[in-house]
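One letter stands for each residue in the lines below.
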Amino acid sequence: GLLLESDDVMSKWEAPHSLLDGEKIPVGVFIGRLMHESWPAYLLRHPDVFVTGLNHLGQRLEIDKDVFQTNARIDRAAHSVGTADGRLHWSAVMVELRMAPEPATSPPGKDASKVETAKTEPLQTSQQTPAFLGDLEIIALARPVIERIAANGQQLRRRDFEPLLRELAGDRLPWKADDRLWPVLAPSEWREGGKRPKGKLVDDWRPHLKSGGKPI
């Protein structure tokens, strides 16, 4: 058979920086930018790529690279990722470039070899304010959640819409995005107003952040 060096194979793929360019985007949007959409695992486990998702508690965590080594289940429409055995699942999965740690500097008069380097985390700093997500990207993240709530025969309160978007988009949620997107995402019966049947309103929307609305 034909044997290829791994470096030769990797050189044929797009560089993460050319795909992301400082953006933080839903995983489905990221895969849509790939030249080979059927093989996203290589780039998702690339060391320069940082992939996070919401677990069953609604906490945003980094998804371990090993998940993408073992036939991870990726739902491009719902922007979700699950392990091959179905035991773990993340919703609202986002992809961005991992920030490089800043080089350690030595205080005046001290030996650089003895300066303790602080542990760096791949988080945005105040000097690196992330760009806001576009409306289409927010819709792609929020629509599956809205559809799960509606399919469960429930309704989201208008006042809970902005916190839901904030949970999905984080500090990249633009100003007044909830005002613009409520008419787009909310079913017509949610927007008609008036008294709702008792028990129909959602008291806790967080379980709906993942498919099925139930922790695994």
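Refer to the structure printed above.
Residues numbered from 1 in each chain as written. Predicted model: local features only at pLDDT ≥ 70, side-chain atom pairs only at ≥ 80, totals over all residues. Heavy atoms only, no water.

Student: Explain the overall build of the protein to me, please; I cannot follow it from the model alone.
Tutor: Check the secondary structure of the protein and you find eight helices and six strands. The helix and strand sequence of the protein, counted from the amino end, reads α-α-β-α-α-β-β-β-β-β-α-α-α-α. Burial status across the protein gives 40% buried among its 216 residues. If you take every contact in the protein between residues at least 6 apart in sequence, the share linking residues at least 24 apart comes to 63%. Carbon and sulfur atoms make up 52% of the accessible area of the protein, which totals about 13100 Å². (Helix = DSSP H or I, 4+ residues; strand = E, 2+ residues; numbered from the N terminus. Buried < 20%, exposed > 50% of the residue type's maximum accessible area, 1.4 Å probe, protein only. Contact = heavy atoms within 4.5 Å. Areas by Shrake-Rupley, 256 points an atom, 1.4 Å probe, with all protein chains shown as cover.)

Student: Help me understand the packing of helix α5 (residues 135-151) against helix α6 (residues 158-169) in this model?
Tutor: For any two helices packed against each other, the geometry comes down to the angle between their axes and how far apart the axes lie. Between α5 and α6, the least distance of the axes is 10 Å, while the angle of their chain directions is 120°. With respect to each other, α5 and α6 are oriented oblique. In this structure, the crossing between α5 and α6 has a hand that is right-handed. Two secondary-structure elements touch here, α5 through Ile138, Leu141, Ala142, Val145 and Ile146 and α6 through Phe161, Leu164, Leu165 and Leu168. Per-class residue counts for the contact of α5 with α6 are nine nonpolar, no polar and no charged. (Axes fitted to C-alpha atoms, helices over the stretch in contact; angles between N-to-C directions. Parallel < 35°, antiparallel > 145°, perpendicular 65-115°, else oblique. Left-handed = near helix turned anticlockwise from the far one by under 90°. Nonpolar A, V, L, I, M, F, W, Y, C, P; charged D, E, K, R; others polar.)

Student: What am I meant to see in the packing of aromatic side chains here?
Tutor: Any pair of aromatic rings gets described here by the distance separating the centres and the angle formed by the planes. By the definition in use, this model includes two aromatic pairs. With a centroid separation of 5.1 Å and 65° between ring planes, the pair formed by Phe161 and Trp182 is classed as edge-to-face. With Phe161 in helix α6 and Trp182 in helix α7 (residues 177-185), this pair connects stretches of sequence that are 21 residues apart. With relative accessibility at 9%, the residue Trp182 sits in the buried group. A connected cluster of aromatic rings, assembled from ring pairs, spans Phe161, Trp182 and Trp190. Across the ring face of Trp205, the terminal group of Arg206 is positioned such that the distance to the ring centre comes to 4.4 Å. (Phe/Tyr/Trp six-rings, centres within 6.5 Å; stacked < 30°, edge-to-face > 60°. Lys NZ or Arg CZ within 6 Å of the ring centre and 35° of its normal.)

Student: When you look at the environment of Glu137 in this model, what are you seeing that I'm missing?
Tutor: Along the chain, Glu137 falls in helix α5. Counting along the chain gives 113 residues from Glu137 to Lys24, while the straight-line C-alpha distance between them is 9.8 Å. Every residue in contact with Glu137, bar those within four places of it in the chain, is listed here: Glu23, Ile25, Pro26 and Arg33.

Student: I keep staring at unusual backbone geometry and nothing clicks. Help me out?
Tutor: If a residue is not glycine, its phi is most likely negative; likewise, a peptide bond is most likely trans. Notably, His79 is not glycine yet its phi reads approximately 55°, a positive angle. In this fold, His79 is placed in the loop between β4 (73-75) and β5 (80-82). In the Ramachandran plot, Ala92 falls in the positive-phi region, its phi being about 45° despite a non-glycine side chain. For Ala92, the location among the structural elements is in strand β6 (residues 89-97).

Student: Could you clarify how one ought to interpret the pattern of salt bridges in this entry?
Tutor: Proximity of charged atoms lets side chains of opposite charge pair with each other. All told, the structure shown has nine salt bridges when counted by the stated rule. Two residues, Asp135 and Arg180, come together in a salt bridge whose shortest N-O distance is 2.9 Å. With a gap of 45 residues between them, Asp135 in helix α5 and Arg180 in helix α7 connect regions that are remote in the sequence. Accessibility expressed as a relative area gives 29% for Asp135, which makes it partly exposed. Since its relative accessible area comes to 36%, Arg180 is described here as partly exposed. (Salt bridge = Lys/Arg side-chain N within 4 Å of Asp/Glu carboxyl O.)

Student: How should the pairing of strand β2 (residues 49-54) be read in this particular structure?
Tutor: Residues in a regular strand project their side chains so that they alternate between the two faces of the sheet. Within β2, six of the six residues are buried, which leaves it mostly tucked inside the rest of the structure. Neither face of β2 is open: one carries Val49, Val51 and Gly53, the other Phe50, Thr52 and Leu54, and all of them are buried. Two elements, β2 and β6, share five bridges in a ladder whose sense is antiparallel. Pairing of Thr52 across the sheet is with Met94, part of β6. Pairing geometry for β2 and strand β3 (residues 60-62), over three bridges, is antiparallel. Counted as the bridge partner of Gly53 is Leu61 from β3. What sits between β2 and β3 in their antiparallel hairpin is a turn of five residues, with Gly58 showing a positive phi close to 80°. (Pairing = 2+ DSSP bridges.)

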